[in-house]
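Notes for the structure review
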Amino acid sequence: MPEPRVINYRAAILEALFAEMRRDPSVIVMGEDVGAAGGVFKQAAGLFEEFGADRVIDTPISESGAFGIAVGAAMSGSRPVFEVMFGDFITLVMDQLANQAAKVQYMSAGQISVPLVLRTAVGIGANLGPQHSQSLHAWTAHIPGLKVVMPSTAADAKGLMAAAIRDDNPVVYFEDRTLYTLRGDVPEGDYHVPIGVAEVRREGEDVSIVATSRMVHVALAAADLLAADGISAEVVDPRSLVPLDVATLVASVRKTSRAVVVDGGYRQYGVTGEIAATLAEEAFDWLDAPVTRIGAENVPIPFSRSLEPLVVPDAPRLAKAVAELVRRR
Amino acid sequence: MSDSAKQKRKKAAAAAPPLPAAEQSLALLRQMQLIRAFEEKLRSLFSAGLVPGLLHLCAGQEAVAVGVCSELGAADVIASNHRGHGHCLAKGASVNRTMAEVLGRRSGYGLGRSGTLHLFDSVNGNLGTNGIVGGGIPLAAGAALSAKRRGRGEVAACFFGDGALNQGLMFEVLNMAAIWKLPAIFICENNGYGEFTAIEDVTAGLNPVARGTVFDIPSEAVDGMDVLAVREAAARAVARGRAGEGPSFLVCTTYRYGGHHVGDSQSYKDAEEVREWKEKDPILKLSRRLEAEGVASAERIAALEAEVQAEVLAAVEAANAEALPTADDLGRFLYA
C-alpha cells in the first residue's frame, strides 16, 4: 500500500489525471480553458505543459458540440476526460450524454464502448446565483448506462478519478468546488477506489446519516453536535450514486433503525428520495421511523449572502433534524 | 417545393465524370441495387406489419451513400442518421445482420433490441445510425479527432439530411472541426425535405454550401443523383483529410422518393415533382451509362438485379428463422 501524505482535494484529482495520462496515451483532457490557462479553478494546472495541446484540448464555449466530439472520440479509441466548467451547464450536454453516451454500449450490444469521464464542479458557497450553483447529479443518475460518482475526500477524489478514467463506461464525476482546498491523507502513486463501494465515515448506534459529497462533512460536524447531545450518529458516504452500494447502506440502517439522507441536490424528485425509497424497500423491517430526506430547498439558488446558506443544511440544522427523528416515538 | 427552389436544385447537376474500370463500375451499381432492393423489401414487410417501429427509407438517395463509402477504407469511420440503411450497407455491413436487426431478431447487430434507428457495426467502422437529427455529426468529428491523434491518415465521414442543417450542434461541430483541422467529411444529403416540411420553408439562405464556407471549410455542391459525381467529390474530401488538411463539407442534392417514414401520406409533395426526380434515378443513370459505353449489357445488369433480390430474400428468410431477443437479453450490455 502506498504511503499516505496530506494534499488537498484539487491536487488529488490532478495527481490522478497526471498518473493516468502518463500511463495511457489514449487519455485526453478537453474543456473550456483547460489548456494553457490550467482551468478556471486551476483544476487542470500543469497538464498542458506536460502533455501539450494534442492531449489537453481547449474547446470553444460549445458544450454540446464539444462533449459530442468527446463521445465520438471515446467511441473510437480515445479516453477523454471532459470538463464542464459548472455543473449547471450539464443541461447543455444532456442530449449527448443521455441519448448517445449512455446508450451506445447497450444499443450496439457491446460492440462499442464509451470510456469517458465528464467532470464538473457543483455546489453553493460562492454567491454565484441560480445558474452557477446547482447540483444536478440526479439528472445523470436517472439515466441507465451512466455511472455517477461524488467524491467527498481528497483520497477518494484521486481514487475515484483514476477508477473513472480506467472504466470502460461513461462516468460522471461531480466535484464540489468548496472541497478543492480540503486536505487529507492521499496515497501516493497508483491508487484507485472501486466505483460502487460506499464508506462508513463514522460509526454510530442511534441513526444513520447517508450523506453525499460536501454533505458528508456537514454530517460529520452534525454527528459531533449530536454526540454532545447523547445521540450516536453513523455517517455513511455512498461515494457512487450509480452503482449504489445498497448493501452497505442497508447494513447501517439495520444497525441503527433510523435514517436521514442528505444531499446537495434539489429535494424534489432527487437523490435523497431515491435512497430513502431504497431503504424503505430493503430495510423496512428494521426501521423504527420514516426515512427523512434533506436536500437543497426547491428554489433557484439566490446569490444573496443572507439567503444562499439557507438553501442547503448546515451542521446545526442537520443535527436538529436528526435529533427530531431520533426522539420521534 | 417552389419553382425557384427547383431551379436552384437543378443547377447542382455538373458535367458527367468518367466511368471507373468495369469491375468498379459494376460494384457501384450492384451496391445501389442492393440498397434499393433491401429497402423495397422492407417497405413491403412494413406494410404487412412485420417491422416494429418506424421505417425511414432512402430510395432515391443511394448514390450518396455508395459514392462516399466507395472512397473510404476499412479503417475509416462513418456516422449515419435515421435514414441509414444505405450508409450501413455501403460501408460493408452484413445484409443478413442488418436485416435481422431491423426485423428485431436476436442475430442482428444490436441483438434485435435496437432496430433501424440504432444500427452499429464496429467491424466496418460504423458508429451507428441515429435517432437524433444531427446526432452523428459530433460522433464523426470525435472519431476524426481520434484518427488525427493516431496519425495513420484515417478519416471519418458523417451523413445527415437537410433537416440537420438547422441544428445548432452542426455549427458548433463545424467550427471545431475547422479550428482543429479534423479529418472529417460532413455530407449533407439535401433531399428537399426535413421530415414533412420543405427546406425553403424552414431554412434561411438557400445555399447550404455556405454553411461550410463560413468556417473556411472546403465546401462544394454535388449532384447527389450521380454516384460518380459523389465519388469524385468524396475522393477530394478524403484526400484532404488524409493529407492533414482538415474537414470538407459536401452538399449532395438528392431526393427522397418516399415519405419521411413509410406510411407518411406525403400530402406536401406533388406527383409531378416525384416523377421528375425519378427520371434522374441514380441506379437508372449509371445503368444507362454502362450500357451506352459498352461496359455492361442490359442482361448483365438484370442479372445483377436478380442477384441482389435473391440476397435480400435470403436475408429475410434467415432473419425469420432467428429468435426474438428474450427476457435474459433485456439487461445485457448496459455496462461494459
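Residues numbered from 1 in each chain as written. Chains lettered and ligands numbered in written order. Predicted model: local features only at pLDDT ≥ 70, side-chain atom pairs only at ≥ 80, totals over all residues. Heavy atoms only, no water.

**A look at the packing of aromatic side chains**
Evaluation of the coordinates by the stated rule reveals 12 aromatic pairs over all chains. With a centroid separation of 5.2 Å and an interplanar angle of 70°, the aromatic rings of A:Phe67 and A:Phe82 are classed as edge-to-face. With A:Phe67 in helix H3 (residues 63–74) and A:Phe82 in strand E4 (residues 79–86), this residue pair connects regions lying 15 residues apart in the sequence. Between B:Tyr193 and B:Tyr255, the aromatic rings sit 6.5 Å apart at their centres with planes inclined by 75°, giving edge-to-face as the arrangement. Here B:Tyr193, found in strand E4 (residues 193–194), pairs with B:Tyr255, found in the loop between strand E7 (248–253) and helix H11 (271–279); they are 62 residues apart in sequence, far enough to count as distant. Here B:Tyr255 falls in the buried class, since its relative accessible area comes to 0%. Here a set of aromatic residues connected by ring pairs shows up, and it is made of B:Tyr193, B:Phe196, B:Tyr255, B:Tyr257, B:Tyr268 and B:Trp277. For the cation-ring pair, A:Arg254 lies above A:Trp286, with the distance from its terminal atom to the ring centre recorded as 3.9 Å. (Phe/Tyr/Trp six-rings, centres within 6.5 Å; stacked < 30°, edge-to-face > 60°. Helix = DSSP H or I, 4+ residues; strand = E, 2+ residues; numbered from the N terminus. Buried < 20%, exposed > 50% of the residue type's maximum accessible area, 1.4 Å probe, protein only. Lys NZ or Arg CZ within 6 Å of the ring centre and 35° of its normal.)

**Topic: the pairing of E4(A)**
Residue and element names in this part refer to chain A. Taken across its eight residues, E4 has eight buried, putting it largely inside the fold. Where E4 lies against strand E5 (residues 117–122), five bridges are found, and the strand directions are parallel. Paired with Val-84 across the strands is Thr-120, a residue of E5. Following the backbone out of E4, through helix H4 (residues 90–107) and into the adjacent parallel E5, one traces a crossover that is right-handed. (Pairing = 2+ DSSP bridges. Right-handed = clockwise from strand over helix to strand, strands pointing away.)

**Overview of the domain arrangement of chain A**
Quoted interface sizes are often the accessible area lost when the parts come together. Residue and element names in this part refer to chain A. We note that the domain assignment places domain 1 (4–187) and domain 2 (199–326) within chain A. On a C-alpha basis, the centres of domain 1 and domain 2 stand 26 Å from each other. Note on domain 1 versus domain 2: buried area summed over both sides is about 2,100 Å², and carbon and sulfur give 58% of it. For domain 1, the biggest contributors to the area lost against domain 2 are Ile-124, Asn-127 and Met-150; these three give 30% of the whole. Counting every contact that joins domain 1 to domain 2 gives three salt bridges. The salt bridge partner of Asp-176 is Arg-214, with a shortest N-O separation of 3.7 Å. The tally of links from domain 1 across to domain 2 stands at 15 residue pairs in polar contact (both at pLDDT 80 or more). Mapped onto the side of domain 1 that touches domain 2, the elements with two or more residues apiece are helix H5 (137–141), strand E6 (147–149) and helix H6 (154–166). (Domains from an automatic or database assignment. Buried area = accessible area lost by both parts, 1.4 Å probe. Salt bridge = Lys/Arg side-chain N within 4 Å of Asp/Glu carboxyl O. Polar contact = N/O pair within 3.5 Å; in protein donor to acceptor, adjacent residues only side chain to side chain.)

**Looking at the sheet that holds strand E2 (residues 156–161) of chain B**
All names here are of chain B. Strands sit in the order E1-E2-E3-E7-E6 across an open sheet of five strands; the sheet is parallel. On the outer flanks of this sheet lie strand E1 (77–79) and strand E6 (219–223), each paired with one strand and no other. Averaged over neighbouring strand pairs, the angle between their axes works out to 20° when direction is ignored. Sheet topology note: the strand E3 (residues 184–190)/E7 ladder contains six bridges and is parallel. Residue pairing in the sheet places Phe-186 in a bridge with Phe-249 of E7. The strands touched by helix H10 (residues 227–242) within the sheet are E3, E6 and E7, with E6 carrying the most contacts at an inclination of about 155°. (Axes fitted to C-alpha atoms, helices over the stretch in contact; angles between N-to-C directions. Contact = heavy atoms within 4.5 Å.)

**Let's talk about H4(A)**
If you look at H4(A), its biggest bend is around 45°, right at A:Leu97. Where H4(A) is concerned, the buried positions are A:Ile90, A:Val93, A:Met94, A:Gln96, A:Leu97, A:Ala98, A:Gln100, A:Ala101, A:Ala102, A:Val104, A:Gln105 and A:Met107. (Bend = angle between axes of the 7 residues up to and from the residue.)

**A closer look at the interface of chain B and chain A**
On the side of chain A, 45 residues touch chain B, which itself brings 38 residues to the contact. In total, about 3,200 Å² of surface goes out of reach between chain B and chain A, with carbon and sulfur atoms giving 63% of it. If you sort the residues of chain B by the area they bury against chain A, B:Phe120, B:Arg149 and B:Tyr335 come out on top, with a joint share of 22%. The tally of links from chain B across to chain A stands at one salt bridge. The salt bridge involving A:Asp54 is made with B:Arg149; its shortest N-O contact spans 3.7 Å. Summed over the shared surface of chain B and chain A, the result is 17 residue pairs in polar contact (both at pLDDT 80 or more).

**Details of the pattern of salt bridges**
Throughout the structure, instances matching the rule amount to 38 salt bridges over all chains. Of the charged contacts, one joins B:Glu220 and B:Arg236 as a salt bridge, the two residues approaching to 2.8 Å between their closest N and O atoms. Here B:Glu220 is found in strand E6, whereas its partner B:Arg236 is found in helix H10, with 16 residues between them in sequence. On the accessibility criterion, B:Arg236 (38% relative accessible area) is partly exposed. Taken together, the salt bridges that share partners define one network made up of A:Asp156, A:Glu199, A:Arg201, A:Asp237 and A:Arg239.

**A closer look at the side chain of A:Asn8**
Residues and elements named next belong to chain A. Note on placement: Asn-8 falls in strand E1 (residues 4–8). On the accessibility criterion, Asn-8 (19% relative accessible area) is buried. In terms of polar contacts, Asn-8 uses its side chain to reach the backbone amide nitrogen of Arg-10, at 3.2 Å. Each residue touching Asn-8, except ones within four places of it in the same chain, is listed here: Ala-154, Tyr-180, Thr-181, Leu-182 and Arg-183.

**Points about the pairing of E5(A)**
Residues and elements named next belong to chain A. Burial runs high along E5: six of the six residues are buried. Looking at chain direction, E5 and strand E7 (residues 171–176) are connected through six bridges and run parallel. Counted as the bridge partner of Arg-119 is Tyr-173 from E7.

**Here's the deal with the nonpolar core**
Of all hydrophobic cores here, the largest spans 126 residues; its most connected members are A:Leu47, A:Leu279, B:Phe160 and B:Phe186. Here this core spans two domains, since at least three of its residues come from each of domain 1 (4–187) and domain 2 (199–326) of chain A. Sequence-distant contacts of B:Phe160, that is, excluding residues within four places in its chain, are made with B:Asn81, B:Ile137, B:Leu165, B:Met170, B:Phe186, B:Ile187, B:Cys188, B:Glu189 and B:Phe249. Grouped together as the second largest cluster of nonpolar side chains are 63 residues, B:Ile35, B:Met99, B:Ala229 and B:Ala233 included. (Core = buried A, V, L, I, M, F, W, Y, C linked by side-chain atoms within 4.5 Å.)

**Remarks on the state of the cysteines**
All names here are of chain B. Taken as a whole and assessed by the stated rule, the structure comprises zero disulfides over all chains. The cysteine Cys-158 is free of any disulfide, with Cys-188 supplying the nearest cysteine sulfur at 10 Å. For Cys-252, which is in no disulfide, the shortest distance to another cysteine sulfur is to Cys-188 and amounts to 7.9 Å. (Disulfide = S-S within 2.5 Å.)

**Digging into the environment of A:Ala219**
With respect to the helices, strands and loops of the structure, A:Ala219 is situated in helix H7 (residues 214–228). For A:Ala219, the contacting residues outside a window of four places in its chain are A:Ile209, A:Ala211, A:Val235 and A:Leu318.

**Brief notes about the packing of helix H2 (residues 22–47) of chain B against helix H12 (residues 282–292) of chain B**
Geometry of a packed helix pair, given as the angle between the helix axes and the separation of the axes. Residues and elements named next belong to chain B. Between H2 and H12, whose axes approach to 10 Å, the crossing angle comes to 150°. Here H2 is positioned roughly antiparallel relative to H12, judged by the angle of their axes. Judged by the sense of rotation from one axis to the other, the crossing of H2 with H12 is left-handed. Between H2 and H12, the residues in contact are Ser-25, Leu-26, Leu-28, Leu-29, Met-32, Gln-33 and Arg-36 and Pro-282, Ile-283, Leu-286, Ser-287 and Leu-290, respectively. In terms of residue class, the contact of H2 with H12 is made up of eight nonpolar, three polar and one charged. (Parallel < 35°, antiparallel > 145°, perpendicular 65-115°, else oblique. Left-handed = near helix turned anticlockwise from the far one by under 90°. Nonpolar A, V, L, I, M, F, W, Y, C, P; charged D, E, K, R; others polar.)

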